[in-house]
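Report on the structure
Listed here are the chains, written in short residue letters.
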Amino acid sequence: MAEAAVAAGGRGARAGRPLLPAVAWRNLWRNGRRTWLTAGGIAFTVFLIVFSMSFQRGAYVQMIDNATALLSGHLQIQNRHYVEDKRVEQTVADVSRLVNRLEGQPGVESVAPRVEAFALVSAGERAFGAQVLGVDPERERRTVRFFDRVAEGRMIEGMTDAVVGEVLASNLGIGVGGEIVLLGTGKEGGVAALALDVVGVFRTGIPDLDRAMVAAPLAMVRDAFGLGDEAHTLVVRSAEVTESARLERQLDDWLPAPLIARNWDEVMPDIRQGIEIDRIGGYFVYGLIAIVVIFSVVNSFIMTVFERTREFGMLRAIGMRPGRIVLMVQIEAAFVWVLGAAIGLALALPIVLWLQVYGFYLGDEVASMVESMYVPARLHTRMTPVALGLAPAVMLVGTQIAALIPSLKIRRLQPVTALRAEE
Amino acid sequence: MNNDAVAVCSGVTRTYQEDSVPVHALRGVDFTFSRGDFVSLTGPSGSGKSTLLNILGGLDRPDSGTVSVDGVALNDLNETQLSDLRLAKMGFVFQSYNLIPVLSAQENVEFIMQLQGVAPAERAERAVATLAALDMADLAHRRPGELSGGQQQRVAIARAIVTDPVLLLADEPSANLDSATTEDLLRLLRRLNEERGVSVLTATHDPMVMKYAHRRVNLRDGAIVEDSAADGV
């Protein structure tokens, strides 16, 4: 008869395998509605956090990319003294050779040397202070997208060409075809003077640039300010903006003193701070959501432990150690987590991956509002291991703690008292 | 000391507080339970029979006095050691069966052996053999909810004896069974006692249970008032 039972198959014949996980799994379905509700809370949290973090991460990368691509580049190489005190004579020397050598460095895509100076820009009776950039148009085009922002006219081509910010042009009362005169102080302390033809007007959406910047050919600005093969900044574009920090360390080791490499987050600390504040705010909200859901899991397991007090008493009576009963409840919590995390990820992943490819258009109105914060009109999510793994990991720890809190009662449970409990 | 003693109580007292009123469940009980005994603990409700059974099973602790099972003093053991002792030396049969509802009959019987660390193949084999010995082989795959009360109690007995305990403790095992099933169950316990040498201590106020025991210990107000050989069937 015994052999017949084994040969009969079915649930009895599967015996012999580890029973604790089997008991834990089947226990979940004694109250399937509660299990699904608990798993649903975990799934919602995982979905929300994975999606939001991917969205945030995508927005940050695009913001950084937009901000760095406009003018500043992923990295900048400067004379250490120029960083501390922006005097016109604190330059990077021997620029032509350095640019060639830099472009041979692994990870460097392109390099654009710039001269930066302050000058009084006048047209007719009007005059305003502005920053003058001496640029190499070809190299700039390979490194940043500044010239894409020329809204009227064209980019710099000839030696006397200049492009000016839209607000500055308006303040000066000039447009394309107008003439401006730049007056500043040269490297040796003499007067730097330059007459230029306005061939283009740019509109970046960044008030400081549109109101107070003029770009002119590098050679002309060098001549006017008494500079030789020198520059104040070498703007570097790396293969990926996410690689720029690593490239900064690499170049810092390689560059001769007093030159230093500065990553975008040093050059534009306001962008980094904005991202950090947003990230912290995000974590705060995610934390609150996770805590609320974890409390619901605690509640669920308090009910579970309460309803099964008598059963736990029986398990204690037949010789199951309290620790193993707690382990069984923890396995149940782990199974609920597996269900919830799997559902949450299954819902989040297709949406995140779809938005990573196709993006989410903010609409013209919102896009123009957020342009000055370097936020693009079409946002793309970005799936990262942290975005994918953080929420499930937090919820795993949370559900284990949530189950452990009521489980501690099991350790103190007196079998004889538990066996008298109502079912 | 009786070398054949499985369980010995000496001067055991136990007092509960119920609504701040002390209830003296046991008042200095001396009791020796020998190997191969089939003893019924009898007495009216509140006489202390379940308390004595629980103390012998290490489920409750006496306020004073000593208890030993198979030579091990229970007073000196902590909760984990008591769990291990119960697992190794005792089998329990409860009034309301207390099977694990999500496991089949065979899995319920196997579960206790898994706690003991018995290898999977061996525990499956022993579970099937034990259920077969109790005429439950055909129902081995059913869960408790799919079994009658008598069948569940047979599974509970299979779980209790599959580990070859020195002591089988049964608290009102027939309370939820009809008389035919009770008779059937008692014959089974008697057979296990005689053929396998299982020592059975059962708390009951069912006269039919008393009829099957070899020895009757009658308690009243927490004290043994009668300890005599029973007629047996």
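Keep in mind the model is a prediction, meaning the values are calculated, not measured.

Thoughts on the packing of aromatic side chains
All names here are of chain B.
- For the coordinates displayed, the defined rule picks out twelve aromatic pairs over all chains.
- Ring centres of Phe92 and Phe94 lie 6.0 Å apart, and the angle between their planes is 5°; on these two criteria the pair is classed as stacked. The two residues Phe92 and Phe94 agree in class, both being buried.

Observations concerning the environment of Thr38 of chain A
Residue and element names in this part refer to chain A.
- Position of Thr38 relative to the elements: it lies in helix H4 (residues 32-72).
- Sequence spacing of Thr38 and Ala216 is 178 residues, and the spatial spacing of their C-alpha atoms is 64 Å.
- Filtering out sequence-adjacent residues up to four positions away, Thr38 remains in contact with Val297, Ser300 and Val336.

Things to note about the sheet that holds strand S1 (residues 5-18) of chain B
Residues and elements named next belong to chain B.
- As summarised here, the arrangement of the four strands in space is S2-S1-S4-S5, forming an open sheet in which the pairing is antiparallel. Taken across any chain shown, the strands that pair with only one partner, and hence form the sheet edges, are strand S2 (21-34) and strand S5 (72-73).
- Of the strand pairs in this sheet, S1 and strand S4 (residues 64-69) are connected by five bridges, and their pairing is antiparallel. Across the sheet, Thr13 pairs through a bridge with Ser64, a residue of S4.

Here's the deal with the confidence of the model for chain A
- Considering every residue of chain A, the mean pLDDT works out to 89; 95% of them sit at 70 or more.
- The model gives residues 1-16 of chain A a pLDDT under 50, and that stretch makes 31 contacts with residues more than four places away or in other chains.

Regarding the interface of chain B and chain A
- The interface is formed by 40 residues belonging to chain B together with 34 residues belonging to chain A.
- Summing the contributions of chain B and of chain A, the shared interface buries around 3,400 Å²; its carbon and sulfur component is 59%.
- The tally of links between chain B and chain A comes to three salt bridges.
- Of the charged contacts in the structure, one is a salt bridge between Arg316 of chain A and Glu79 of chain B, with a shortest N-O distance of 2.9 Å.
- Scanning the region where chain B abuts chain A turns up seven residue pairs in polar contact (both at pLDDT 80 or more).

Observations regarding helix H1 (residues 49-56) of chain B
Residue and element names in this part refer to chain B.
- By the criterion of burial, H1 is predominantly enclosed, with seven of the eight residues buried.
- Within H1, the full set of buried residues consists of Lys49, Thr51, Leu52, Leu53, Asn54, Ile55 and Leu56.
- Gly58 sits one or two positions beyond H1 and adopts a positive phi of about 70°.

Structural notes on unusual backbone geometry
- Look at the link from Ala257 of chain A to Pro258 of chain A: it is a cis peptide, with omega at 5°.
- Summarising the element assignment, Pro258 of chain A is placed in the loop between helix H11 (244-254) and strand S10 (259-263).
- For Tyr97 of chain B, which is not glycine, the phi torsion reads 65° and is therefore positive.
- Along the polypeptide, Tyr97 of chain B turns up in the loop between strand S6 (90-93) and helix H3 (105-116).
- We note that Asp221 of chain B has phi near 50°; this positive angle belongs to a residue other than glycine.
- Mapped onto the elements, Asp221 of chain B comes out in the loop between strand S9 (215-220) and strand S10 (223-229).

What counts as what
- Residues numbered from 1 in each chain as written.
- Chains lettered and ligands numbered in written order.
- Predicted model: local features only at pLDDT ≥ 70, side-chain atom pairs only at ≥ 80, totals over all residues.
- Heavy atoms only, no water.
- Phe/Tyr/Trp six-rings, centres within 6.5 Å; stacked < 30°, edge-to-face > 60°.
- Buried < 20%, exposed > 50% of the residue type's maximum accessible area, 1.4 Å probe, protein only.
- Helix = DSSP H or I, 4+ residues; strand = E, 2+ residues; numbered from the N terminus.
- Contact = heavy atoms within 4.5 Å.
- Pairing = 2+ DSSP bridges.
- pLDDT = per-residue confidence, 0-100.
- Buried area = accessible area lost by both parts, 1.4 Å probe.
- Salt bridge = Lys/Arg side-chain N within 4 Å of Asp/Glu carboxyl O.
- Polar contact = N/O pair within 3.5 Å; in protein donor to acceptor, adjacent residues only side chain to side chain.

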